[in-house]
Amino acid sequence: MKKSRETQKRKQEKTSLPVHIFFLLFGLICLIPFITVVSASFSSELDLARYGFRVLPKKWDLTAYKYLFENPKMVLNAYGVTIFITVVGTVFGVLFMAMVAFCLARSSMKLKSVLTFYIYFPTLFSGGLTASYIINTQYLNLTNSLAALVAPGLINIFNVFMIRTFLKQQPASLFEAAKIDGASEYAIFFRIALPLAKPVLATVAFLTALDKWNEWYNSMLYIRDNDKITLQHMLQRMMNNINVLMENMDNIPMGVNLADIPGENLRMAMLIVSIGPMMCFFPFFQKYFTKGMTVGAIKG
Amino acid sequence: MKKRIVAVMMAVLMGISAFAGCGKGNSSDQAKGTNQEGNKEPETVKWLLFGTEPEDHDMVMEELNKLLVEKINVKLDLEWIAESEYETRVKLAVSSGEDFDLLWVSNWMNQFNEYVAEEALMPLNDLIEEYGQGIDETLEDWVLNFGTVGDTIYAIPCLQILANQRCVMVQKDLVEKYNLDTSPVEDYRDLEGILEIIKQNEPDIIPMRANVKPEVTHYESLVAAEIWISMTDSSATPIEDDSVTWEAAKLKREWFDKGYIREDVATITDDSGDAKAGRYAVMTEAYKPGIEAAMADAYGIECVAIPIGNPYVSATAGQATMIAMNVNSERPEAAMKLFNCVYTDEEVFNMLLFGIENVHYKKVADNRAEFVENTKYSMSSKAWEIGNQFLAWYIPGQADGTWEETDQMNKNSIVSPLQGFIFDSTGVQAELAQIAAVITEYENYMYTAEDLEKTHKEYFEKLKTAGRDTVLEELKKQIEEWKAGK
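Presented here is a report on the structure given in the accompanying data block. (Residues numbered from 1 in each chain as written. Chains lettered and ligands numbered in written order. Predicted model: local features only at pLDDT ≥ 70, side-chain atom pairs only at ≥ 80, totals over all residues. Heavy atoms only, no water.)

1. Considerations on the overall build of chain A
Quick note on the threshold: For helices the rule is a DSSP run of H or I covering at least 4 residues; for strands it is a run of E covering at least 2, with both sets numbered from the N terminus onward. Under the scheme applied here, a residue whose accessible area is under 20% of the maximum for its type counts as buried, over 50% as exposed, and between as partly exposed, the area being computed with a 1.4 Å probe on protein chains only. The contact definition used throughout considers only heavy atoms, calling two residues in contact when any of these lie within 4.5 Å. Where accessible areas are quoted, they stem from the Shrake-Rupley method and a 1.4 Å probe; at the residue level, only the protein chains shown are allowed to cover.
Within chain A, the regular secondary structure consists of 14 helices and zero strands. When the helices and strands of chain A are read in sequence order from the N terminus, they spell out α-α-α-α-α-α-α-α-α-α-α-α-α-α. Taking all 300 residues of chain A together, 38% fall into the buried category. At a minimum sequence separation of 6, the contacts of chain A that also span at least 24 residues come to 73%. Only carbon and sulfur atoms are counted for the fraction: they give 67% of the accessible area of chain A, which is about 17600 Å².

This is how it looks when you write it as structure tokens:
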């Protein structure tokens, strides 16, 4: 018995060698393009044009970063906005989503199925862009306000259902016991349900934060002030402007001033600057991430 | 359960209709309120243009508005929207009924046709007669025609270069080194001598940038579907077969085989870095007077221009940049007054372009200005987008007399027999989208295809499947109708 288990173990180790190699290669395939981007951001524009992208820069050159931080106001402002909407959007988003989910998870809630249908039904189709644009600009007056980046999409129905499924696994007797001890519904929610739901909350928080960090579309639609645009929007605008100019070179009557188009190295540097922080946070969330996803999915 | 669902749906529907109801009520009330206001206070005209907002925008606008109130008692609220976002934003503003007055339209971005089809533009005939005399005097009728559909003027073309002529820019030091012949040529093929010399003697430089479009020197296109009309054909009959693209493909292939074109042309997407680095000996550009100085400014490379073929005013030339008015504008008179002023008043126009004297620029001659170092306002490269470019002061890199020369070139060009004709693409949108996808797919493929003839046939077959014939029939029909109505 013992022996056979050992041989089995050895077998496992043996078969895992090709697996290791596969994942090493796979990791490299993912890593090399990223290193190339980093290296490109540290190269000079002329070197990039002459020698193309390389894993190590031909010559170290900090022009791109110097240019970026020479006028740091733009980058810092955009960072400020993105961090603000990420923090505010995540805190309120998770809180509200948990509240909705808590109601839907309680078996004692009378209108549960009606409410579930009410929030689920609109996810099947969309009212279109114009409708939400009119609501947001003309009725809610969100134009040029940071609220336009936080409020629409604060509650994600998919996430609500994920939290609900998780909360449903908490025994109803636990809440009854709390009630007998004199706890109000709020106390049950904040002091019992939420602390027990940490894994799924972390998952949702991470998804929301990622979503808000990548926010650019609402920023494009509703923000008029260049000081209030998000980091991703700034990047997106820079890249897309280049594309529009390149595509229409023949049409634009005065031709395009090439000197105005940022070089490849600058674009890569912007990329690094914008994804940097997210990359630092990701590993800390990751353990919750996998746990929350699987735990929430057990009972579908 | 079923009953409950029905009940909920009813409730939702009722809620929606209730909201819709109060929405309408509100907006019409607002409209009434603003219309009843008196005209003593200067009205503010909102104008949407594309570009990057300069740092000192607010400061210049304040000064400009003082000037505008003094002259015509109107204020300007100018919004610069990023190039990539302009179309989305303006379309939303139009469809949601946002309050703004002037917008920029063209035939290549923020399509003029589409707005006309949606009846989103204000007819301008009466407004021009009453408040836009300056525009009327500046623009000859054939230019104004570019923004006219039927008898109605929907947009005013900005005055700039209208004639279209290709040219190639050859690096000046190469011209001197090899004593190259830079006299004007008739066809792309006449450039082969120059390219061969460079190929033989300069191994580090790519002889030709890949943006060659040999067909556009002899044919004009009314719709982006590889349908061409010969410039010398006065009956303006669209060419049905694939002869035009085949000739172009052959030339491209030949040049690639001879090593005039870079080897990785099929995969490269953005080669502006190479252009700036001076890796191309010869680059194709649209010719215009003063281009050599302008290019030296843009690329930092001294070049000599070789014009190809003859200047030609295509059927849609003036549509490249036009200003139109929102049909929902609440102050059309003020908007027309303002645009008329920008279009004809040198002081106002140049303030928009250059900012404030001695803060953003220095005047060096009557018609010439230089920006101060690190200026926080410089929109002079936007003259063609805002109004009459011929009123703009020259900047370093532009020779005196460039505008007069351009004006002459406009007037002396061969004019398309279809001048003023606009293809209405609303019926063939789906076909055009598919055709565009096919064109992009094959764009640079002709250089490297293994069997050129087969690939080209395949390309044309795909165009046909995508609906080229439908577009062709539609185009022919519209041209006939247009000719009959003339």
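There's more to say after this.
2. What about the overall build of chain B?
Looking only at helices and strands, one finds 19 helices and 16 strands in chain B. Within chain B, the proportion of its 486 residues that are buried is 51%. Sequence-distant contacts, at least 24 apart, represent 78% of the contacts inside chain B between residues at least 6 apart. With the model as given, the accessible surface of chain B reaches about 22400 Å², and the carbon-plus-sulfur share is 48%.

3. Quick look at the sheet that holds strand β16 (residues 414-415) of chain B
Residues and elements named next belong to chain B. Here is the rule we go by: Here the rule is simple: two strands pair whenever DSSP picks up at least two bridges between them.
Judged by pairing direction, the sheet is mixed, and its five strands sit side by side in the order β8-β11-β7-β12-β16 without closing on themselves. The open sheet terminates on both sides in strands that have one partner only, identified here as β8 (206-208) and β16. In the sheet, β8 pairs with strand β11 (residues 280-286) via two bridges, with the strands oriented parallel. The residue of β11 that forms the bridge with Met208 is Val282.

4. With respect to the pairing of strand β3 (residues 102-105) of chain B
All names here are of chain B. Across the two faces of β3 the burial is the same, with Leu102 and Trp104 and Leu103 and Val105 all buried. Bridge analysis of β3 against strand β13 (residues 322-325) gives four bridges, and the strand direction is antiparallel. Following the sheet pairing, Leu102 is matched in β13 by Met325.

5. Quick word on the packing of aromatic side chains
We apply this condition: Any Phe, Tyr or Trp ring, taking Trp's six-membered ring, that has another such ring centre within 6.5 Å forms a pair; planes under 30 degrees apart are called stacked, those over 60 apart edge-to-face, and the others tilted. Here, over-ring charges are defined by two tests on the NZ atom of lysine or the CZ atom of arginine: distance to the ring centre within 6 Å, and angle to the ring normal within 35 degrees.
Evaluated as defined, the whole model comprises 33 aromatic pairs over all chains. Considering the side-chain rings of A:Phe22 and A:Phe26, the 6.1 Å spacing of their centres and the 20° angle between planes classify their relative orientation as stacked. In this pair, A:Phe22 and A:Phe26 are both assigned in helix α1 (residues 2-41), four residues apart and thus about one turn of the helix distant. By relative accessible area, which is 48% here, A:Phe22 ends up partly exposed. The ring of B:Trp393 carries the charged tip of B:Lys363 above its face, separated from the ring centre by 4.1 Å.

6. Remarks on the pairing of strand β1 (residues 43-50) of chain B
Residues and elements named next belong to chain B. In terms of strand pairing, β1 meets strand β2 (residues 74-81) through eight bridges, oriented parallel. Bridge pairing in β2 places Trp47 opposite Leu78. Sheet analysis places β1 next to β3, joined by two bridges and oriented parallel. Residue pairing across strands places Trp47 opposite Leu102, the latter belonging to β3.

7. Quick look at a negative patch on the surface
Residues and elements named next belong to chain B. This is how the line gets drawn: Patches were defined on residues exceeding 30% relative accessible area and lacking a salt bridge, with like-charge contacts within 9 Å and nonpolar side-chain contacts (Val, Leu, Ile, Met, Phe, Trp, Tyr) within 5 Å. We define a salt bridge as a side-chain nitrogen of Lys or Arg found within 4 Å of a carboxyl oxygen belonging to Asp or Glu. Here the positive residues are Lys and Arg and the negative ones are Asp and Glu; neither His nor the chain ends is included. Note on charges: their place is set at NZ of Lys, CZ of Arg, CG of Asp or CD of Glu.
A cluster of acidic side chains, namely Asp126, Glu129, Glu130, Asp136, Glu137, Asp141 and Glu333, defines a negative patch on the protein surface. Among the secondary structure elements, those contributing two or more residues to the negative patch are α5 (125-131) and α6 (133-138). Looking at the negative patch, the element that brings in the most residues is α5, giving three residues. The residue Glu333 is located in helix α13 (residues 332-344) in this model.

8. Some points on helix α19 (residues 468-485) of chain B
All names here are of chain B. How we decide: By definition here, a helix of n residues has an expected span of 1.5 Å times n minus one. Here the arc refers to the directions that run from the helix axis out to each C-beta atom.
Compared with the 26 Å implied by 1.5 Å per residue over 18 residues, the 26 Å span of α19 between its first and last C-alpha is a close match. Every buried residue belonging to α19 is among Arg468, Val471, Leu472, Leu475, Gln478, Ile479 and Trp482, and all of these are buried. For α19, the arc enclosing every buried residue in end-on projection is 135°, short of the 170-degree limit, so these residues lie on one face. Residues of α19 that are exposed and angled more than 90 degrees away from the buried face: Glu481, Ala484 and Gly485.

9. Structural notes on the packing of helix α4 (residues 72-105) of chain A against helix α11 (residues 198-213) of chain A
Residues and elements named next belong to chain A. Convention followed: Helix axes are fitted to C-alpha atoms over the stretch in contact, other axes to C-alpha atoms as well, and angles between N-to-C directions run from 0 to 180 degrees. Handedness of each helix crossing follows the sense of rotation of the near helix against the far helix: counterclockwise by less than a right angle gives left-handed, clockwise gives right-handed. In this classification, the charged set is Asp, Glu, Lys and Arg, the nonpolar set is Ala, Val, Leu, Ile, Met, Phe, Trp, Tyr, Cys and Pro, and all remaining amino acids, among them Gly, are polar.
Packing of α4 against α11 leaves a shortest axis separation of 8 Å and a crossing angle of 145°. Crossing handedness for the pair α4 and α11: right-handed. Residues Tyr79, Thr82, Ile83, Ile85, Thr86, Gly89, Thr90, Val94, Met97 and Ala98 of α4 form the contact with α11, whose participating residues are Leu201, Val204, Ala205, Thr208, Ala209, Lys212 and Trp213. Classifying every residue of the contact of α4 with α11 by side-chain character gives eleven nonpolar, five polar and one charged.

10. Digging into the sheet that holds strand β6 (residues 155-157) of chain B
Residue and element names in this part refer to chain B. Reading across the sheet, the five strands line up as β2-β1-β3-β13-β6 and stay open at both edges, with mixed pairing between neighbours. The open sheet has two free edges, formed respectively by β2 and β6, since each of these has just one partner strand. Going across the sheet, the axis of each strand differs from the next one's by a mean of 25°, ignoring polarity.

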